[in-house]
Protein chains: 2
Amino acid sequence: MEKTSTLTAEEKAFFMEEAIKEARKAEGLAEVPIGAVVVLDGKIIGRGHNLRETQQQAAAHAEMFAIEEACRTVGSWRLEQAQLFVTLEPCPMCSGAMLLARVEEVYFGAYDPKGGTAGTLMNLLEDERFNHWSYVEGGILEEACGQLLTDFFRALREKKKQKKAGNL
Amino acid sequence: MEKTSTLTAEEKAFFMEEAIKEARKAEGLAEVPIGAVVVLDGKIIGRGHNLRETQQQAAAHAEMFAIEEACRTVGSWRLEQAQLFVTLEPCPMCSGAMLLARVEEVYFGAYDPKGGTAGTLMNLLEDERFNHWSYVEGGILEEACGQLLTDFFRALREKKKQKKAGNL
């Protein structure tokens, strides 16, 4: 069954900017800068950013917090008709959570060649063997989303290099 | 890379019984009876049962709670050397969470023909393209784990039938 987007290019860019704001919150905490928002009827009903190191929790991904808050907002585990925006292509856990929540449309920014499962390594979101599948679109504000990550990892390498030099 | 089990048949049965105890807690709340435990060095460090309807949260699966508690117990998102036991074959979200937490060995009870991703529809846990993979073994106390689910859904159908008859 073919699914289609219900949003304009302007709406997609607008909500991805909001996901980027979330990613910047993660960056401020020295976390890998990834952010997400869940949208329903044009309104943001859930926001989240990566908190893995801060919380020391394996599942503390941006999308999980955004879905959790969205479920609280609507008072239901069903997020039918909702859209999810995330700055990086989702991993298997987050792709799976989107299916469980029955998210209708998924938009991501940068592609993840190492672990992305919304089209790169596989496409869990459009696998018709599961009881739900979603419309998926990657590359929304791709450069801005990717740049955040590139800058973060470059700064991290610099820091490590300086630390090593200081220790000599 | 071939991974192997570090547990005896007795240990596997013992810990799956503990996962079944968790599943019964879910059953007591009229939730689909699925339970999980995380084990490290022969000790249970995390427990969980399905709470999707109670919490109205899409991600409220047994495994997620067990992993969350285990991370809290060890004070780290890394559950290296840990074993996870769950009464039903994990879904994509839970399989993904196990990979993120670097769980070493995964044991499940009943197979899930509709959504299992630890060997049935696919095997996310042994896909060497991800940066971690686990040893996986299904069918531990399979009959007991499956019976819990069969009984639950049979009772649910009976209830619906009676309700319908009452409404006529």
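Everything numeric in this text was worked out from a predicted model, so none of it was measured.

## Here's the deal with helix α4 (residues 92-100) of chain A
Phase 1 of the analysis: The buried fraction of α4(A) is high, at nine of nine residues.
Phase 2 of the analysis: Where α4(A) is concerned, the buried positions are Pro92(A), Met93(A), Cys94(A), Ser95(A), Gly96(A), Ala97(A), Met98(A), Leu99(A) and Leu100(A).
Phase 3 of the analysis: Residues of α4(A) that are buried sit in contact with α3 (62-74), β3 (83-88) and β4 (105-110) of chain A together with α3 (62-74) and α4 (92-100) of chain B.
Phase 4 of the analysis: Immediately beyond the C-terminal end of α4(A), within one or two residues, lies Arg102(A), with a positive phi of roughly 60°.

## Examining the relation of the copies chain B and chain A
Phase 1 of the analysis: Overlay of chain B on chain A (RMSD 0.0 Å): rotation 180°, translation along the axis 0.0 Å. Accordingly, the operation relating the two chain copies is best matched by a two-fold axis. When each C-alpha of chain B is compared by its distance to the rotation axis, Met93(B) comes out closest, at 1.9 Å.
Phase 2 of the analysis: Mapped onto chain A, 100% of the interface residues of chain B are again interface residues, and the two copies thus contact each other with one and the same surface.

## Let's talk about the packing of aromatic side chains
Residue and element names in this part refer to chain A.
Phase 1 of the analysis: This model, assessed by the stated rule, comprises 12 aromatic pairs over all chains.
Phase 2 of the analysis: Seen in terms of ring centroids, phenylalanine 85 and tyrosine 107 are 4.8 Å apart; in terms of plane orientation they differ by 15°. Their pairing is stacked. Note that phenylalanine 85 is positioned in strand β3 and tyrosine 107 in strand β4, a separation of 22 residues in sequence. Taken individually, phenylalanine 85 and tyrosine 107 each receive the classification buried, so the pair is uniform in this respect.

## Here's the deal with α3(B)
Phase 1 of the analysis: The terminal C-alpha atoms of α3(B) lie 19 Å apart, and with 13 residues this matches the ideal 18 Å at 1.5 Å per residue to within 8%.
Phase 2 of the analysis: All buried positions along α3(B) are accounted for by Ala62(B), Glu63(B), Met64(B), Ala66(B), Ile67(B), Ala70(B) and Cys71(B).
Phase 3 of the analysis: On its buried side, α3(B) packs onto α3 and α4 of chain A together with β1 (35-40), β2 (43-49), β3 (83-88) and α4 of chain B.
Phase 4 of the analysis: Just downstream of α3(B) lies Gly75(B), where phi reads positive at about 70°.

## A few points about the layout of surface pockets
Phase 1 of the analysis: The space that makes up the largest pocket amounts to roughly 1,300 Å³.
Phase 2 of the analysis: Lining of the largest pocket is provided by 41 residues; of these, Val32(A), Ile34(A), Arg52(A), Asp112(A) and Phe153(A) occupy positions nearest its centre.
Phase 3 of the analysis: Contributing elements (two or more residues each) for the lining of the largest pocket: α2 (52-55), α3 and α5 (142-167) of chain A together with α4 of chain B.
Phase 4 of the analysis: For the lining of the largest pocket, the element with the most residues is α5(A), which contributes 11 residues.
Phase 5 of the analysis: Split by residue class, the lining of the largest pocket holds 19 nonpolar, eight polar and 14 charged.

## Examining the sheet that holds strand β5 (residues 135-137) of chain A
All names here are of chain A.
Phase 1 of the analysis: Pairing within the open sheet is mixed, and its five strands lie in the order β2-β1-β3-β4-β5. The two strands at the open ends of the sheet, each matched to only one other strand, are β2 (43-49) and β5. Across this sheet, the average inter-strand angle for adjacent strands is 15°, counted without regard to direction.
Phase 2 of the analysis: Judged from the five bridges that link them, β3 and β4 form a sheet pairing that is parallel. Directly across from leucine 88, in β4, lies its bridge partner alanine 110.
Phase 3 of the analysis: The strands touched by α3 within the sheet are β1 (35-40), β2 and β3, with β2 carrying the most contacts at an inclination of about 145°.

## Observations regarding the interface of chain B and chain A
Phase 1 of the analysis: Between chain B and chain A, the residue contacts involve 31 residues of the former and 31 residues of the latter.
Phase 2 of the analysis: In this structure, the connection of chain B to chain A is made through zero salt bridges.
Phase 3 of the analysis: At the junction of chain B with chain A, the criterion picks out eight residue pairs in polar contact (both at pLDDT 80 or more).
Phase 4 of the analysis: Of all the secondary-structure elements, those providing two or more residues to the side of chain B that touches chain A are α2 (52-55), α3 and α4 of chain B.
Phase 5 of the analysis: Considering only residue class, the side of chain B that touches chain A consists of 16 nonpolar, eight polar and seven charged.

What counts and how
Residues numbered from 1 in each chain as written. Chains lettered and ligands numbered in written order. Predicted model: local features only at pLDDT ≥ 70, side-chain atom pairs only at ≥ 80, totals over all residues. Heavy atoms only, no water. Buried < 20%, exposed > 50% of the residue type's maximum accessible area, 1.4 Å probe, protein only. Helix = DSSP H or I, 4+ residues; strand = E, 2+ residues; numbered from the N terminus. Contact = heavy atoms within 4.5 Å. Least-squares fit on C-alpha atoms with pLDDT ≥ 70 in both. Phe/Tyr/Trp six-rings, centres within 6.5 Å; stacked < 30°, edge-to-face > 60°. Expected span 1.5 Å × (residues − 1). 1 Å grid on protein atoms, 1.4 Å probe; cavity = no way out; pocket = protein on both sides within 12 Å on 5 of 7 lines; lining within 4 Å. Points joined across faces, edges and corners; volume = space filled by probe spheres on them. Nonpolar A, V, L, I, M, F, W, Y, C, P; charged D, E, K, R; others polar. Pairing = 2+ DSSP bridges. Axes fitted to C-alpha atoms, helices over the stretch in contact; angles between N-to-C directions. Salt bridge = Lys/Arg side-chain N within 4 Å of Asp/Glu carboxyl O. Polar contact = N/O pair within 3.5 Å; in protein donor to acceptor, adjacent residues only side chain to side chain.

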